Amino acid sequence: MDEIDKLDRYRVAYTLLEKLKEAEEEAEKEGYILAADVEKELELNE
């Protein structure tokens, strides 16, 4: 059972890293969004 849990953790970590890599590549192509712009869009600067 511990071996399955370990494999699941590896699978989840790998998936997360792949998604982060894809997001970084997209940001490099399309440009980054400033945190202040995100906060303004979400109205968090109150």
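Residues numbered from 1 in each chain as written. Predicted model: local features only at pLDDT ≥ 70, side-chain atom pairs only at ≥ 80, totals over all residues. Heavy atoms only, no water.

K.L.:
Outline a nonpolar patch on the surface, supporting the account with residue identities and numerical values.
P.N.:
Where nonpolar side chains cluster on the molecular surface, the patch consists of Ile33, Val38, Leu42 and Leu44 and spans about 410 Å² of accessible area. Relative to the helices and strands, Leu44 resides in the segment after helix H2 (35–42). (Patch = residues over 30% accessible without salt bridge, like charges linked within 9 Å, V, L, I, M, F, W, Y side chains within 5 Å. Areas by Shrake-Rupley, 256 points an atom, 1.4 Å probe, with all protein chains shown as cover. Salt bridge = Lys/Arg side-chain N within 4 Å of Asp/Glu carboxyl O. Helix = DSSP H or I, 4+ residues; strand = E, 2+ residues; numbered from the N terminus.)

K.L.:
A description of helix H1 (residues 2–30) should follow, citing residues and the corresponding values.
P.N.:
With 29 residues, H1 should reach 42 Å at 1.5 Å per residue; the first-to-last C-alpha distance of 42 Å fits that figure. Positive backbone phi, at 100°, marks Gly31, one or two positions downstream of H1. (Expected span 1.5 Å × (residues − 1).)

K.L.:
Report on a negative patch on the surface, specifying residues and quantitative values.
P.N.:
A contiguous patch of negative charge, built from Glu22, Glu24, Glu25, Glu26, Glu28 and Glu30, is present on the exposed surface. Tracing the backbone through its elements, the reader meets Glu25 in helix H1. Taking relative accessible area as the criterion, Glu25 reaches 41% and is therefore assigned partly exposed. (Lys, Arg positive; Asp, Glu negative; His and termini not counted. Charge placed at Lys NZ, Arg CZ, Asp CG, Glu CD. Buried < 20%, exposed > 50% of the residue type's maximum accessible area, 1.4 Å probe, protein only.)

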